[in-house]
Amino acid sequence: MLQLDALEIAQGGFRLAADLTVAPGITAIIGPSGAGKSTLLAAIGGFVAPRSGRILWDGRDIGELPPGKRPVSTLFQDQNLFPHLDAFRNVGLGLSPSLKLTAKDLERIRAVLARVGLEGMGGRKPAELSGGQQSRVALARALVRDRPVVLLDEPFAALGPALRAEMLDLVARTLGGRTVLMVTHDPADAARIAGQAIVLEEGRAAPPAETRALLADPPPGLRAYLGS
Amino acid sequence: MARAGAGIAALVAAQILVPLGAVLVRAGGGSGLGPADWAAIRFTVLQAGLSAALSVALAVPVARALARRRFFGRGLLITLLGAPFILPSIVAIIGLLAVFGRSGLLNRGLEALGLPGLTIYGLHGVVLAHVFFNMPLAIRLILQGWLAIPAERFRLAAALGMGPREIGRWLERPMLREVLPGAAMVIFLICLTSFAVALTLGGGPRATTVELAIYQAFRFDFDLGRAAVLAIVQLALTGLAAAAALGVARMPGFGGGLDRVVERWDVGGRAARVADALSIGAAALFLLLPLALVAGGGLAGMTALGASVARAAAVSLSLALASVALVVALALPLALAVQTWPGKAGRAMEAIGHAGIAASPLVIGTGLFLLVFPVADPQRLAMPVTALVNALMGLPFALRVLVPAVAGVESAHGRLATALGMTGWARLRWLLLPRLRRPLGFAAGLTAALSMGDLGVIALFADGDTATLPLQVYRLMAGYRMAEAASAALLLLLLSLALFWAFDRGGRTDAAT
């Protein structure tokens with residue numbers, strides 16, 4: 001279980017408080033831009049130091065760990081792949097940060113590339129892949145890294161609607177059993193794969209609630225954001 | 001790696017400060033300044049001031065013409081304006097002699113017309129050579145200023161019906177007031193420490209610079225105390241000038257972006273057109289003719305070059321490679337450390353790396369000589385000392401290329417590398433080195449070319465048998481073997497360009513994109 005215990009993030013004039021527990025499965029994070037969706041993920045991923053409070057995984061405080069040591073994988077909005085390394089090595093970095101790969105590792109990378117639909121494309125560099133294929137490589141790396149928490153900071157935002165839906169379904173299929181936090185500004189994305197959603201408004205992250213119920217009867221702040 | 005950078009900053013500081021300390025200690029026992037020393041100080045400041053003023057004044061019309069005209073070969077010409085930076089000074093001097101020397105084109109022309117000849121030696125020769133080296137730099141700096149004026153301003157000026165005079169008053173002169181002092185200060189600083197030009201074209205009681213006087217105190221009088229006193233004087237001069245330059249100047253960048261042409265509506269007149277064509281044509285002729293003459297004059301004798309030239313070329317090549325290795329070993333950890341510790345610590349380390357600009361090679365060389373002399377024969381250490389000093393002189397330029405490059409890589413990909421736990425060697429091997437190949441290749445190329453063409457500290461240390469290629473060219477010139485000198489100079493030019501090209505190219509081939 002991922003637990004944010006009296007967490008408070010402050011950056012310049014910006015404030016965000018969160019005191020909640022996230023159950024396994026996919027949880028969407030919804031809120032107006034500037035509400036701190038990405039900042040919340042950055043705090044969990046280890047890129048922003050919270051002002052106070054704790055981040056717990058299975059009861060253990062992970063707030064002091066460097067980003068690479070946390071039980072967390074992040075898919076950023078952009079720059080998820082190193083442009084000078086081919087897809088195979090980009091995935092391999094998820095197994096070993098120094099790319100010391102065993103025969104077993106190589107087999108695993110091949111298998112996971114096949115699983116995300118990139119069989120035989122391991123030798124291509126990011127520039128030789130389409131936007132959707134690049135997203136698949138990043139997803140494949142999150143899969144081999146095998147961390148229990150996965151943070152998606154709108155990694156598919158640059159894709160067209162059909163491709164994005166396809167990627168979301170792939171996420172649900174491959175990562176559905178883990179604790180996935182997914183930032184989105186599109187309620188349809190949340191409704192598509194996220195059972196629960198956390199709403200950010202007025203500097204506070206509300207505890208997760210069922211996505212369908214939230215969207216059917218949104219609280220006032222979310223209603224204003226959705227414009228319905 | 002970053003922690004190694006802090007150690008390297010300390011090492012670089014020591015490599016500069018310890019020799020300076022040795023100079024200070026020794027100078028304490030030396031006598032005061034004599035009339036000859038004061039004459040050297042006056043001449044140094046005079047020639048640097050004249051060179052800076054002339055370079056900048058001549059550069060203004062050329063930069064203006066380049067900013068507002070489109071013509072075939074414009075991009076190539078602007079690229080060539082960057083070339084004097086990696087051009088060995090002795091090569092340029094040979095070229096200038098071929099034009100302005102005793103039996104050069106100019107004097108032969110004057111002779112044919114029955115007019116008295118001119119001499120290139122003395123103040124005007126030193127200034128001429130310095131203008132040759134630095135006018136291109138001034139043109140690039142001023143061109144940057146022109147291109148930094150937003151195109152919309154010129155459009156607005158045209159809409160308001162302004163002519164060239166009003167545009168000059170409201171747009172161009174304010175820009176020049178900002179850019180010119182900085183450009184002039186940078187060039188003044190460069191001319192204070194230039195050695196090869198003073199050595200070949202200056203000399204005598206009326207045309208000796210402080211740098212040259214240090215050399216003479218060594219070579220002719222072997223008066224180490226006087227050399228140390230002069231080194232202190234030189235350090236004070238360059239330190240003052242560097243402080244002043246930092247105050248007013250942006251150091252010139254290597255970046256591109258000079259290929260834009262400013263759209264203008266006020267310069268269609270025939271007079272302006274002719275003036276621009278003349279400015280560009282005269283500048284190109286002044287800069288290219290000496291080089292063309294080196295190439296033409298040296299070519300015939302290339303195959304007949306003696307064994308001493310070949311030996312000197314081999315020495316210079318190995319020195320250049322050693323300097324490159326040293327610079328890369330110093331600059332890369334320093335650049336990483338500057339990135340790791342932003343704020344004061346990083347800035348201090350970067351400043352240390354740049355100290356080579358203010359401390360002249362001969363001053364550092366004097367200090368090293370003083371340190372080595374009591375314990376070993378300095379001539380036997382000529383090669384390591386030269387490689388070290390060349391590396392210290394190349395370090396500022398390597399840092400200017402690498403520091404922003406490291407910052408760029410970290411800002412684009414650092415977050416992902418951190419998220420994946422890539423630290424230390426893994427980060428270097430799989431992120432930084434692949435992405436820094438181009439800037440590293442460029443920095444290595446610059447260092448190699450600078451080291452290849454350097455005629456400075458080696459002149460202090462070398463005995464009669466060993467020589468670098470520039471020193472060998474100088475010795476041939478001094479022995480009036482001009483044809484051989486021209487061929488050796490051409491070889492030097494080709495080797496310098498080839499080294500720069502090879503490193504720069506090596507960084508580009510298969511480089512990460």
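Draft legend 1. Examining the overall build of chain B more closely. A count of helices and strands for chain B gives 22 helices and zero strands. For a compact globule of 513 residues, the expected C-alpha radius of gyration is about 24 Å, and chain B comes in at 24 Å, within 12% of that figure. If one aligns the C-alpha atoms of chain B with their principal axes, the spans along those axes are about 80 × 75 × 50 Å. Counting over 513 residues, chain B shows a buried share of 53%. Taking the contacts inside chain B whose residues are at least 6 apart along the sequence as the reference set, 83% of them involve residues at least 24 apart. For chain B, the exposed area adds up to about 22,100 Å²; of that, 66% sits on carbon and sulfur atoms. Looking at charge distribution, chain B has the averaged site of its 40 positive side-chain charges lying 6 Å from that of its 22 negative ones.

Draft legend 2. Representation of the nonpolar core. Counting 182 residues, the largest nonpolar core has A:Phe82, B:Leu66, B:Ile142, B:Trp146 and B:Leu469 as the members making the most contacts within it. By residue number, the principal contributor to this core is helix H17 (residues 382–419) of chain B, which donates 19 residues. Ranked by size, the runner-up nonpolar core spans 40 residues in total, among them A:Val91, A:Ala138, A:Leu139 and A:Val144.

Draft legend 3. Seen up close, the domain arrangement of chain B. Residue and element names in this part refer to chain B. Domain annotation of chain B identifies domain 1 (1–29 + 300–513) and domain 2 (31–298). Between domain 1 and domain 2, the contact holds 49 residues from the first and 43 residues from the second. Buried area between domain 1 and domain 2, summed over both chains or domains, comes out near 3,800 Å², and the portion from carbon and sulfur atoms is 79%. The interface formed by domain 1 and domain 2 includes zero salt bridges. In this assembly, domain 1 and domain 2 are joined by seven residue pairs in polar contact (both at pLDDT 80 or more). Of all elements in the fold, only helix H1 (2–28), helix H15 (355–358), helix H16 (361–372), H17, helix H19 (437–453), helix H20 (457–461), helix H21 (469–478) and helix H22 (482–508) reach the threshold of two or more residues within the side of domain 1 that touches domain 2. Of all the elements, H22 adds the most residues to the side of domain 1 that touches domain 2, at eleven residues. Within the side of domain 1 that touches domain 2, the residues separate by chemical class into 39 nonpolar, eight polar and two charged.

Draft legend 4. Summary view of the domain arrangement of chain A. Residue and element names in this part refer to chain A. Domain annotation of chain A identifies domain 1 (2–71 + 147–226) and domain 2 (82–146). The partner domain 2 presents eleven residues to the 15 residues of domain 1 that form the contact. Where domain 1 abuts domain 2, roughly 1,100 Å² becomes buried across the two surfaces, and 59% of that area is made up of carbon and sulfur atoms. By the criterion of area lost to domain 2, the three top residues of domain 1 are Arg 147, Leu 170 and Thr 174, representing 42% of everything that side buries. Applying the counting rule to domain 1 against domain 2 returns two salt bridges.

Draft legend 5. Fine view of the interface of chain A and chain B. The partner chain B presents 17 residues to the 20 residues of chain A that form the contact. Put simply, A:Asp78 and B:Arg415 hold a salt bridge, and the shortest N to O gap is 3.6 Å. For the pair chain A and chain B, the number of links is six residue pairs in polar contact (both at pLDDT 80 or more). A breakdown of the residues in the side of chain A that touches chain B according to their chemical character gives ten nonpolar, six polar and four charged.

Draft legend 6. Region of the structure containing the pairing of strand E2 (residues 14–22) of chain A. All names here are of chain A. Bridge analysis of strand E1 (residues 2–11) against E2 gives eight bridges, and the strand direction is antiparallel. Looking across to E2, one finds that Gln 11 is bridged to Phe 14. Hairpin connection from E1 to E2: two residues lie between these consecutive antiparallel strands, with Gly 12 at a positive phi of about 60°. Of the strand pairs in this sheet, E2 and strand E10 (residues 204–205) are connected by two bridges, and their pairing is parallel. Bridge pairing in E10 links Ala 17 to Arg 204.

Draft legend 7. Quick look at the pattern of salt bridges. Residues and elements named next belong to chain A. One pass over the structure, following the stated rule, counts 15 salt bridges over all chains. Of the charged contacts, one joins Arg 178 and Asp 146 as a salt bridge, the two residues approaching to 3.4 Å between their closest N and O atoms. In this pair, Arg 178 sits in the loop between helix H5 (161–175) and strand E8 (179–183) while Asp 146 sits in the loop between helix H4 (131–145) and strand E7 (149–153), placing the two residues 32 residues apart along the sequence. Taken together, the shared-partner salt bridges in this structure form one network comprising Arg 164, Asp 186 and Asp 189.

Draft legend 8. Summary view of H19(B). Between its first and last C-alpha atoms H19(B) spans 24 Å; for 17 residues at 1.5 Å apiece the expected length is 24 Å, and the two agree. Extensive coverage of H19(B) is indicated by the burial of 13 of its 17 residues.

Draft legend 9. Region of the structure containing the packing of helix H4 (residues 89–100) of chain B against helix H12 (residues 270–299) of chain B. Residues and elements named next belong to chain B. It is at 8 Å that the axes of H4 and H12 come closest, and there the two elements cross at 100°. By the angle between their axes, H4 is roughly perpendicular relative to H12. Residues Val 91, Ile 94, Gly 95, Leu 96, Ala 98, Val 99 and Phe 100 of H4 lie in contact with H12, whose contacting residues are Phe 286, Leu 289, Pro 290, Leu 293 and Val 294. Of the residues belonging to the contact of H4 with H12, the class tally is eleven nonpolar, one polar and no charged.

Rules and cut-offs
- Residues numbered from 1 in each chain as written.
- Chains lettered and ligands numbered in written order.
- Predicted model: local features only at pLDDT ≥ 70, side-chain atom pairs only at ≥ 80, totals over all residues.
- Heavy atoms only, no water.
- Helix = DSSP H or I, 4+ residues; strand = E, 2+ residues; numbered from the N terminus.
- Rg over C-alpha atoms; globule rule 2.2 N^0.38 Å.
- Buried < 20%, exposed > 50% of the residue type's maximum accessible area, 1.4 Å probe, protein only.
- Contact = heavy atoms within 4.5 Å.
- Areas by Shrake-Rupley, 256 points an atom, 1.4 Å probe, with all protein chains shown as cover.
- Lys, Arg positive; Asp, Glu negative; His and termini not counted.
- Charge placed at Lys NZ, Arg CZ, Asp CG, Glu CD.
- Core = buried A, V, L, I, M, F, W, Y, C linked by side-chain atoms within 4.5 Å.
- Domains from an automatic or database assignment.
- Buried area = accessible area lost by both parts, 1.4 Å probe.
- Salt bridge = Lys/Arg side-chain N within 4 Å of Asp/Glu carboxyl O.
- Polar contact = N/O pair within 3.5 Å; in protein donor to acceptor, adjacent residues only side chain to side chain.
- Nonpolar A, V, L, I, M, F, W, Y, C, P; charged D, E, K, R; others polar.
- Pairing = 2+ DSSP bridges.
- Expected span 1.5 Å × (residues − 1).
- Axes fitted to C-alpha atoms, helices over the stretch in contact; angles between N-to-C directions.
- Parallel < 35°, antiparallel > 145°, perpendicular 65-115°, else oblique.

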